[in-house]
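# Report on the structure
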Amino acid sequence: MRWAAAIIAGLLSSAAAAEETASRQTVVFYNARLALRDGRPEDVLKLWLLRNSLLQRGERPREDPEFRSVVWAALGSLGLCQDGFEDDERAGAGLWPLGLHNTIVHGLSKGPPPSMPAPWDVFQVGRQQRFISLQDVLSAEELRSVTFFRTDCLQPTVTALRFGWTPFIELEDRQDAGWLLRNLLARSRATLVREKVRNLSVVEARIFDLDLMLAGEEARKARQNARSLAQQARVAGVSAAGAAELRSRLETFPEDSPQAAFLRRSLTWTPQEWLALNRERRLFLFARAQPLSKDPAALQKLMLEIIDELIRRKDGKELEAWIGFVGASDSAELRGALTSGERGKSLLELDENTGFRERAVIALHRGVGFLEAGELQESLRAFAYALQQAEASREAAVTQGLARRWLSYVLSRYETNDEVVATLKALVPRQEYNQVIEDLVWRAALRADDRSFERITQTARRGGSFDASIERLRPLSQGKPGEMATRLRDALREEPSSVLRFVRRLLENIEAEDADVRRANVPTLKHLLEVLRPLSAESKTAKSQSRTAGELMDQTQSILDGLSHLDDSVSGNARALSPTRSTFAGSIRLAPADPLPWPFRPPEPEAPSVFTPIVLEPVEWRDAKGALVFGWRLSE
């Protein structure tokens, strides 16, 4: 309070001219608004008491109506009684019903006011003390030491009598308190000056919540009556379905009820009005308003605008709930609106600290979009990024598997160059890297692309069975299938199971290639027959291995037979046969057909507490004529 002490010393030290007097009162008023904005409501009350001292000296204030609005807001923030303090309806902002609302809410959470010792008790320690009100004039020393505390308050009862409401109010009873709070909020509709107060949606939403709370008891009675009526209906011969319908009607708001009208009206609010509510209240309110929309296009526009604002605020946790509201799980168009363009790019920039966990899913959808547009490089980056972020997703296993498969699909259409390798090294998680590049290694080997083979294998993580596969494939990448067959034949005695697994994988990769690549690997297939024949014929071989070798020989021969029936035309290559066919004639590599994950679900929020204060924040702006407006912003 050092700044206040400086003002007190300066203002009380000497008399001044009339113009200067007015400016001193104005300085006090400005400081009061600043104090409230900075979260120092007690300083507001001290400055009002300073205003009293200046007034006693003949310094008349010019901003009293606006100052009263600041004091009402400060008293409500502290939960202090407003007994005897004039309201701010005349030339002020009309905040007094909200200030009293906040005082009552504060009392409900804090309980009865504490008892205070008598003022004269301090005489024993050589001090003097007195109770004061906001109408009193204090000395400079008293202003520096003044404190404030809650007391019993008549203002709620006086207000009830003033407006013809029932004065028999028990604020300890939540239902009585709820009715009084609702009446005060309804009264504020008439007192608040629209040109000075923004975000009136906060008041409307709170009235709706209070209606729901107050209807709780009546709803329970209605359910009891509904069960009774349903029982009577069944006794009278009405079917069970008819009785259930009767009960449902009694438990829901009618289409023409004030509550239903308010819900429809709330869908016309701006995103700023929605975001003036706290998170729990706006989610709860929107979940009930959304089904009543009669304009799907306007509803979608509102949801996307709120999503954009939440992205700007980096509120990832609530953002996921609003994406769930959009209901894009069954609409490719809506998913595209969320994941493509700048909006999708902005979603990828939200890290886990914001609460947004589904960057991998967004990247997966963007990758498919890029692929459909023919942007292979962008799709490669998107799928690699999806694989990198998949573990954070709520559907990690599905997202990770699909990202890896889509990435392999895109890589099959690329020549392995330094840019592709650099992209993979930068984005693909280390533990996933070998699995991703494995398709590239097989692809290079089957094309006898020694340069690409060596470029990609140099980046592989060493250790495990992948090393053995690389060594066995290296001769094939150099165009030496006979040398590869020799190595396989030599390894049969020591590692027959390993060789058989390698041959199965080799055949699967050959089947996945188009006709040109399969035809180029005819020598490889013939060498494999020679490698497998002794194993299938030897009597000393384990029966399971002999049977596996025989199956692989049949599969190899079927691929060779199928090649003789494939034409060389483009359409013939496109009609490559499925590997599930008995001829094993091969197939082109198809894009994954699995549906993309969409883990965003509409939230089911619980009703928020109605016994919370409404934040009254002083803000200033210029009106259309350029005049300064001492305004207010409502929020929760």
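Residues numbered from 1 in each chain as written. Predicted model: local features only at pLDDT ≥ 70, side-chain atom pairs only at ≥ 80, totals over all residues. Heavy atoms only, no water.

### A short note on the sheet that holds strand S2 (residues 615–622)
Taken together, the three strands give an open sheet; going across it, the order is S1-S3-S2, and neighbouring strands pair in mixed fashion. Edge positions in the sheet fall to strand S1 (197–198) and S2, since each of these pairs with one other strand and no more. (Pairing = 2+ DSSP bridges. Helix = DSSP H or I, 4+ residues; strand = E, 2+ residues; numbered from the N terminus.)

### Points about the state of the cysteines
By the definition in use, this model includes one disulfide. Here cysteine 81 engages in a disulfide with cysteine 153; their sulfurs sit 2.1 Å apart. Across the disulfide from cysteine 81 to cysteine 153, rotation about the S-S bond amounts to roughly 70 degrees, and the bridge is consequently right-handed. A residue pair is termed long-range when its members are at least 10 positions apart, and cysteine 81 in the loop between helix H4 (64–78) and helix H5 (96–110) and cysteine 153 in the loop between helix H6 (140–145) and helix H7 (155–162) qualify at 72 residues. Given the relative accessible area of 27%, cysteine 153 is considered partly exposed. (Disulfide = S-S within 2.5 Å. Buried < 20%, exposed > 50% of the residue type's maximum accessible area, 1.4 Å probe, protein only.)

### Digging into the layout of surface pockets
A probe as big as a water molecule, rolled over the atoms, marks out the empty space that is left. In this structure, the second largest pocket encloses a volume near 580 Å³. What lines the second largest pocket is a set of 23 residues, and nearest its centre among them are Gly107, Gly111, Pro113, Leu171 and Glu172. Mapped onto the lining of the second largest pocket, the elements with two or more residues apiece are H5 and H7. Top contributing element to the lining of the second largest pocket by residue count: H5, with five residues. When the residues that make up the lining of the second largest pocket are grouped by side-chain class, the tally is twelve nonpolar, six polar and five charged. (1 Å grid on protein atoms, 1.4 Å probe; cavity = no way out; pocket = protein on both sides within 12 Å on 5 of 7 lines; lining within 4 Å. Points joined across faces, edges and corners; volume = space filled by probe spheres on them. Nonpolar A, V, L, I, M, F, W, Y, C, P; charged D, E, K, R; others polar.)

### Things to note about the confidence of the model for the protein
On average, residues of the protein score 82 in pLDDT, and 82% of them are at 70 or above. Per-residue pLDDT stays below 50 along residues 246–251; that stretch engages in seven contacts with residues further than four places along the chain or on separate chains. (pLDDT = per-residue confidence, 0-100. Contact = heavy atoms within 4.5 Å.)

### Describing the pattern of salt bridges
What the rule picks out here adds up to 37 salt bridges. Note that aspartate 38 and arginine 40 form a salt bridge whose closest N and O atoms lie 3.3 Å from each other. For aspartate 38, a relative accessible area of 54% gives the class exposed. A salt bridge links glutamate 318 to arginine 279; the nearest nitrogen and oxygen atoms lie 3.5 Å apart. One end of the pair, glutamate 318, is in helix H15 (residues 316–326); the other, arginine 279, is in helix H13 (residues 279–289), with 39 residues separating them in the sequence. Each of Asp87, Glu89, Arg162 and Arg187 takes part in a single network of salt bridges with overlapping partners. (Salt bridge = Lys/Arg side-chain N within 4 Å of Asp/Glu carboxyl O.)

### A short note on the environment of proline 112
Along the chain, the position of proline 112 falls in the loop between H5 and H6. Remark: the alpha-carbon pair of proline 112 and arginine 150, spanning 38 residues in sequence, is separated by 8.7 Å.

### Points about the pairing of S2
Where S2 meets strand S3 (residues 628–635), eight bridges bridge the pair, whose relative direction is antiparallel. Each residue of the ladder has a partner; that of valine 615, found in S3, is serine 635. A loop of five residues connects S2 with S3, the two strands running antiparallel in sequence, and glycine 626 in this loop sits at a positive phi of about 90 degrees.

### Considering the nonpolar core
Counting 158 residues, the largest nonpolar core has Leu407, Leu424 and Leu634 as the members making the most contacts within it. Among the elements that take part in this core, helix H22 (residues 430–446) stands out by supplying nine residues, more than any other. Discounting chain neighbours no more than four positions away, the residues touching leucine 424 are Leu380, Leu407, Leu411, Tyr433, Val436, Ile437 and Leu440. (Core = buried A, V, L, I, M, F, W, Y, C linked by side-chain atoms within 4.5 Å.)

### A look at helix H29 (residues 543–563)
Given a rise of 1.5 Å per residue, 21 residues ought to cover 30 Å, and the 31 Å separating the end C-alpha atoms of H29 matches this to within 8%. All buried positions along H29 are accounted for by Gln545, Ser546, Ala549, Leu552, Met553, Gln555, Thr556, Ser558, Ile559, Leu560, Gly562 and Leu563. (Expected span 1.5 Å × (residues − 1).)

### Quick look at the side chain of histidine 365
With respect to the helices and strands, the residue histidine 365 is situated in helix H18 (residues 359–372). On the basis of relative accessible area, histidine 365 is assigned to the buried category, the value being 10%.

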